Amino acid sequence: MSNKRTGIIREINGPIVTISMPGARNGEQVMIGEMGLFGEVISLKGDNALVQSYEPTEGIRPGGPVEGLGWPLSVELGPGLLGSIFDGVQRPLEKIFDTAGDHIPRGLSLPSLDRVKEWRFQPSEGLECGTWINAGALLGTVQETRLIEHRIIVPAHFQRGELIELAPEGDYRLEDTIARIRTPQGQVRKLRLFHRWPVRTPRPYLRRDHGVAPLITGQRILDTFFPLLKGGKGAVPGPFGAGKTVVQQQIARWSNADIVIYVGCGERGNELVDVLETFPQLQDPYSGHKLMERTLLVANTSNMPVVAREASIYVGLTMAEYYRDQGYDVVMLADSTSRWAEALREVSGRLGQMPVEDGYPAYLASRLAALYERAGRVESFSCGKGSVSLIGAVSPPGGDFSEPVTAHTKEIIQTFWALSKELADARHYPAIDWVDSFSEHVDTAAEWWHKEIDPRWRARRGQALALLARDAELSRIVNLVGPEALSSAQRWELEGAALIKEGVLQQSALDPVDTFSSPEKQFALLDMVLTIIEKGAELIEIGIPVQELTALPMLARARRAKQTYDSEQVEQIGVMLEEFLQEFHDIRLEYAKFKEHAE
Ligand code: ADP
Ligand code: MG
């Protein structure tokens, strides 16, 4: 497959280059011009092929050389991925900065993974020479970071064969042979610590499985109200500045996935700089080590054209599937899929294809679906169950959710975290709208919550959402006829809804205590707030004026409990509730006395 071909450049149209290269194959990776720009064949037309270039094509001229590499756009998969920062075609950004400085020279070709570093390989116990093995078989392990054991598996493009050599425990470089396999036809194949995989081909697995456990993100509006299962597909749509990137970064920082892959194809360069600067500093809340020991970043640099963003999502997904195949739960964040779709639009426009909606090609929906289809929980060939959860930000122009990318995404995903401009403007963060958002995973998540945290989870969640719906109704009345039209009970309902919003839904990413909320804390806060609302309603029913309750200083304490008590101090929330109930009890006694006097 790796027989190189040469050809020449015919024509250049922005990132689309027409070449003539006999034998070119669709999807083949090519090097364009003297500089050797990175490109990929996207269509064949007789002797000519159309190539999309992942680097700016200025200065490239017709007649210049082209080289076909004979393989499709691929990534390297092996130890050393974790902790790395790659560009959209898996070039190692840090290494590029070291060798070339801030400005990435075009046509730079560096291996994605370190070729010099040695890794301690531990062959699989009991795996004997002479054994017949299949693709997906586990050859051994490498401790990639303190947190993650890298499982070296026979790549899927290897057919069944007889193991004729397996390296003993020792230190090996990536390109060293660690196993030899003889195929039924008698050919001998060498296996190394890494292999290549074409990014547009989903990696195979034994069978698909359904999600069973929620991805815990530590964000209350996500976990408690609109859960996503491990292996699920989620979207974070929202207008500019509403908080998409913050939501994605919070998930990257706090979620209980084994591996985090963050693909930044952000609209703003400074967002990426921020990610590149802050992530390496972060601590993993679960292990206390560096978060980068289980994280890898893909960052499209601003000097790469829009079409490169298209590739970066597949690059990220392929690495995500690779760790899934090792039995890990991976979460991949893509910020944002709108940039990916824009790349499709640009390419299809330059190819002269018929635009369908807002200039997007007719295949937008099917491409989006195929992309999200790569998420899921699966039974791997040799490492048990693993999953890829895929969470894409969507940035619709003008925040209009009816535009094609948002509308199609909504049909595909299972969990929709809709960010609202109104909430963001009111500084209600995360600005996730509880009316527009949805989760199809509530039933399965409930099983987990009921078993692990509290059997009242589902009921409590429902009560909170019902009260929020009442709040919307009552607020409309207030807007029409003023607050005087409301009964005491209704005014208490409004107060209750405010308590849910402030005490539970709002959660500042910047607050050192509240930035993460364990499931236990999430439920304790929700239960406290709802109990206060219910007990207060009972007092109002016997005639206690609503002002007496709304004036209670304890209400402010309840609103602040999320910032007062961290996830280790959940009992304190219960203690506080007891004090609250005591106060209600006192009010009730006093009122009874007062009534007795009056009679
Ligand atoms: P987007 O990616 O949608 O354009 P950002 O994620 O960059 O928006 O958010 C814009 C700003 O909103 C942030 O810089 C921050 O000040 C604020 N913000 C958003 N979400 C939160 C949050 N959960 N906690 C605190 N501040 C937030
Ligand atoms: Mg953003």
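In what follows, the structure referred to is the one given above.
Residues numbered from 1 in each chain as written. Chains lettered and ligands numbered in written order. Predicted model: local features only at pLDDT ≥ 70, side-chain atom pairs only at ≥ 80, totals over all residues. Heavy atoms only, no water.

1. Here's the deal with the environment of Asp-171
Considering the arrangement of structural elements, one finds Asp-171 in strand 14 (residues 170-173). Distance in space between the C-alpha atoms of Asp-171 and Gln-187 is 27 Å, their sequence separation being 16 residues. A polar atom in the side chain of Asp-171 sits 3.1 Å from the side chain of Arg-120. (Helix = DSSP H or I, 4+ residues; strand = E, 2+ residues; numbered from the N terminus. Polar contact = N/O pair within 3.5 Å; in protein donor to acceptor, adjacent residues only side chain to side chain.)

2. A word on the packing of aromatic side chains
In this structure the tally under the stated criterion is 11 aromatic pairs. Look at Tyr-322 and Tyr-323: their rings are 5.5 Å apart centre to centre, the planes differ by 70 degrees, and that puts the pair in the edge-to-face class. Given the relative accessible area of 1%, Tyr-322 is considered buried. Here the aromatic rings of Phe-416 and Phe-438 are separated by 5.3 Å at their centres, their planes lie at 15 degrees, and the arrangement is stacked. With Phe-416 in strand 27 (residues 415-416) and Phe-438 in strand 28 (residues 438-439), the pair connects residues that are 22 residues apart, well separated along the chain. Taking the relative accessible area as the measure of exposure, Phe-416 reaches 1% and is therefore buried. Members of the aromatic cluster, each reached through a chain of ring pairs, are Trp-254, Tyr-286 and Phe-516. (Phe/Tyr/Trp six-rings, centres within 6.5 Å; stacked < 30°, edge-to-face > 60°. Buried < 20%, exposed > 50% of the residue type's maximum accessible area, 1.4 Å probe, protein only.)

3. As for helix 12 (residues 488-505)
Here helix 12 contains 18 residues, and its C-alpha end-to-end distance of 24 Å stays within 8% of the 26 Å for a straight helix at 1.5 Å per residue. Taken together, the buried positions of helix 12 are Trp-492, Gly-496, Ala-497, Leu-499, Ile-500, Gly-503, Val-504 and Leu-505. For helix 12, the arc enclosing every buried residue in end-on projection is 160 degrees, short of the 170-degree limit, so these residues lie on one face. Of the surrounding elements, those touching the buried residues of helix 12 are helix 2 (220-225), helix 11 (457-481), helix 13 (519-541), helix 14 (546-550) and helix 15 (553-564). (Expected span 1.5 Å × (residues − 1). Arc of directions from axis to C-beta. Contact = heavy atoms within 4.5 Å.)

4. Overview of the packing of helix 15 against helix 16 (residues 570-598)
The contact between helix 15 and helix 16 brings their axes to 11 Å, and the two run at 160 degrees. Judged on the interaxial angle alone, helix 16 and helix 15 are roughly antiparallel. Every pair of crossing elements has a handedness; the one defined by helix 15 and helix 16 is left-handed. Only Met-576, Glu-579, Phe-580 and Glu-583 of helix 16 make contact with helix 15, whose side of the interface consists of Met-554, Leu-555, Arg-557, Ala-558 and Ala-561. By residue class, the composition of the contact of helix 15 with helix 16 is 6 nonpolar, no polar and 3 charged. (Axes fitted to C-alpha atoms, helices over the stretch in contact; angles between N-to-C directions. Parallel < 35°, antiparallel > 145°, perpendicular 65-115°, else oblique. Left-handed = near helix turned anticlockwise from the far one by under 90°. Nonpolar A, V, L, I, M, F, W, Y, C, P; charged D, E, K, R; others polar.)

5. Observations regarding the pattern of salt bridges
Tallied over the full model, the rule gives 44 salt bridges. Among the salt bridges present, the one from Glu-169 reaches Arg-120, with a minimum N-O distance of 3.1 Å. Taken as a pair, Glu-169 in the loop between strand 13 (161-166) and strand 14 and Arg-120 in strand 9 (residues 118-123) lie far apart in primary sequence, 49 residues in all. Residue Glu-169 is classed as partly exposed on the basis of its relative accessible area of 41%. On the basis of relative accessible area, Arg-120 is assigned to the partly exposed category, the value being 43%. Residues Asp-209 and Arg-377 are paired through a salt bridge, measuring 3.5 Å at the closest nitrogen-oxygen approach. (Salt bridge = Lys/Arg side-chain N within 4 Å of Asp/Glu carboxyl O.)

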